[in-house]
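# Fold and geometry: a report
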Amino acid sequence: MKIRKKFIPVAAPWLTRAELNEVWDSMQSGWVTLGPKTHRFEEAIKDYTKAKFAIGTNSCAASLHLAIEALDLAEGDEVIVPAFTFAATLNAVLYSKATPILVDVDEATMNISVEAITKAITRKTKAIMVVHYAGYPADMDEIVALAKKHKIVVIEDAAHALGTKYHGKMVGNIGDITCYSFHPIKNITTGDGGMITTNDEALAEIMTRKRLAGMSKEAWKRATKAGSWYYEITTLGYKYNMNDIQAGIGIVQLKKLEDFIARRETIAQVYNKAFSNVKELVIPVSGDKTMRVARNLYALRVVPEMLHKNRDEIIELMREYNVGSNVYFIPLYHHPYYHKRLGYSPKDFPVCEKLYESVINIPLFPKMSDQDATYVAKTITTIVQSIRKH
Ligand SMILES: *Cc1c(COP(=O)(O)O)cnc(C)c1O
């Protein structure tokens, strides 16, 4: 097949003049830090997720940290974390006094395994971190039931899952605290940015304070004529707030989210159709009627035993065809720092290991054309044909 000239990245944001106009509007208004637009974006996220509270932050990492901080964990407390996730999920726990307990995931969904959670729960367990991998919802009914039974808080890392629905409910309105990312590779972007949603007023209050220095009142509320200069620091806080430049971009992006999700689904269907009859490839799970999977990633899996080349070599071949890819995720215990600090062994996570040697995340972003998607599919099937064993 003919190799195309232009490289297809694995992900890319879709930003236009409309976002720029909102940024320019903030610049002209003179208010570019946390202010009225952040508030408006929070209201829009509340409206979209149907959560009672939304708190704009500068990242999902900061959101996860604030979520853990809100629980005020003590030495000896335990937090269950899936081993198949990005560093930020685990780091949030490591910043606290609590001990993270890494657990394996489910092979089909790549989400935290309910069975593994059940085995890991002890009297010291205070929270469970749930990641909705690639936008596919974790088994929230079972997880929430377990959490209720053991009085455990459920924190959702929904970095991939803005727009995902589960049993008729929007993610963001299911567990106790949900954290989103607006990094450029997520479902919508604000450059960098994040959001927390919760239905718990006390948790919302503490996270709102902690996102900006622990202040009792935010600057934009003090800066009006009616506002007062006086505030108090009532808790240890951080500089984790969203700003109005980010929020302006987010307000415009959120309006496009439903179209983005539909476009991602269309591309995913092109891939599913091309790969479903290739026995050396495993396509990602699709949601049932009770779900809407807001596909953030397309996680294709190869069957290594059936191929003459391994996953890494296949990625290199794809690159020669000008097709980008990535591997989400390198299991946490493979990273030197976590290995040294937590001391887990790959033997403890058979499913993560299997996924890690077989996953290839292939290009999936709304701005891709149909031709791009067909080219990616053709490239992969051509490579597989050339390296299959039988
Ligand atoms: C991207 C990602 C994050 C981090 O998001 P930031 O907004 O960049 O901090 C956290 N968790 C998961 C699962 C992610 O994929």
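Residues numbered from 1 in each chain as written. Predicted model: local features only at pLDDT ≥ 70, side-chain atom pairs only at ≥ 80, totals over all residues. Heavy atoms only, no water.

Here we come to the environment of A127. Note that A127 resides in strand β4 (residues 125-131). When the C-alpha positions of A127 and I206 are compared, they lie 17 Å apart, and in sequence the two are 79 residues distant. Those residues in contact with A127, other than ones at most four positions away along the chain, are L71, E78, V79, I80, I152, V153 and I155. (Helix = DSSP H or I, 4+ residues; strand = E, 2+ residues; numbered from the N terminus. Contact = heavy atoms within 4.5 Å.)

Let's shift gears to the nonpolar core. Membership of the largest hydrophobic core comes to 92 residues, with the highest contact counts inside it found for F41, Y133, I143 and I155. The element that contributes the greatest number of residues to this core is helix α3 (residues 60-70), accounting for 7 residues. Among residues more than four places away in sequence, those in contact with I143 are I112, V114, I117, I128, V130, A138 and V154. (Core = buried A, V, L, I, M, F, W, Y, C linked by side-chain atoms within 4.5 Å. Buried < 20%, exposed > 50% of the residue type's maximum accessible area, 1.4 Å probe, protein only.)

Moving on to unusual backbone geometry. The amide bond that connects Y328 to the next residue, F329, takes the cis arrangement and shows omega of 5 degrees. If you trace the backbone, F329 turns up in the loop between α10 (311-320) and α11 (336-342). Notably, K50 is not glycine yet its phi reads approximately 70 degrees, a positive angle. Topologically, K50 is positioned in the loop between α2 (36-49) and β1 (53-57). Despite not being glycine, D72 shows a phi value in the positive range, around 50 degrees. By the secondary structure assignment, D72 is in the loop between α3 and β2 (78-82). Overall, the relative accessible area of 66% leaves D72 in the exposed class.

As a structural note, the neighbourhood of the ligand is formed by 16 residues, with C60, D157, H160, S181 and K186 the closest of them. A61 places a main-chain nitrogen or oxygen 2.9 Å from an oxygen atom of the ligand. One nitrogen or oxygen atom from the side chain of D157 is found 2.7 Å from a nitrogen atom belonging to the ligand. Within the complex, the protein chains bury 91% of what would otherwise be the 390 Å² of accessible surface of the ligand. Mapped by element, the contributors of at least two residues to the shell around the ligand are α3 and α4 (87-94). The residue inventory of the shell around the ligand, partitioned by class, reads 7 nonpolar, 7 polar and 2 charged. (Near = heavy atom within 4 Å. Polar contact = N/O pair within 3.5 Å; in protein donor to acceptor, adjacent residues only side chain to side chain. Areas by Shrake-Rupley, 256 points an atom, 1.4 Å probe, with all protein chains shown as cover. Nonpolar A, V, L, I, M, F, W, Y, C, P; charged D, E, K, R; others polar.)

A few words on the pairing of β4. Most of β4 is tucked away: 6 of the 7 residues are buried. Pairing of β2 with β4, which is carried by 3 bridges, proceeds in the parallel orientation. Counterpart to V79 in the pairing with β4 is A127. The β-α-β motif built from β4, the intervening helix α6 (residues 140-150) and the parallel element strand β5 (residues 153-157) has right-handed crossover chirality. (Pairing = 2+ DSSP bridges. Right-handed = clockwise from strand over helix to strand, strands pointing away.)

Before going further, it helps to examine the packing of α3 against helix α7 (residues 201-210). Here α3 crosses α7 at 125 degrees, and the two axes come no closer than 9 Å. By the angle class used here, α3 and α7 are oblique. The handedness of the crossing between α3 and α7 is right-handed. Residues L66, A67, E69 and A70 of α3 form the contact with α7, whose participating residues are L203, I206, M207 and K210. Residues that form the contact of α3 with α7 fall into these classes: 6 nonpolar, no polar and 2 charged. (Axes fitted to C-alpha atoms, helices over the stretch in contact; angles between N-to-C directions. Parallel < 35°, antiparallel > 145°, perpendicular 65-115°, else oblique. Left-handed = near helix turned anticlockwise from the far one by under 90°.)

All right, on to the packing of aromatic side chains then. Two aromatic rings, taken as a pair, are described by how far apart their centres are and by the angle between their planes. One pass over the full model with this rule turns up 14 aromatic pairs. Pairing F84 with Y133 gives two aromatic rings, centres 5.5 Å apart and planes at 40 degrees, and the pair type is tilted. Taken together, the residues F84 in the loop between β2 and α4 and Y133 in the loop between β4 and α6 connect sequence positions 49 residues apart. Considered together, F84 and Y133 belong to a single accessibility category, that of buried residues. Seen from their ring centres, W229 and Y230 are 5.5 Å apart, and the 90 degrees between their planes marks the pair as edge-to-face. Given a relative accessible area of 70%, W229 falls into the exposed group. (Phe/Tyr/Trp six-rings, centres within 6.5 Å; stacked < 30°, edge-to-face > 60°.)

On to the pattern of salt bridges, then. Under the defined criterion, the tally for this structure stands at 19 salt bridges. Close ionic contact of R311 with D312 constitutes a salt bridge, the shortest N to O distance being 2.9 Å. Residue classification places R311 among the buried positions, given a relative accessible area of 7%. Relative accessible area serves as the criterion here: at 45%, D312 is assigned to the partly exposed category. (Salt bridge = Lys/Arg side-chain N within 4 Å of Asp/Glu carboxyl O.)

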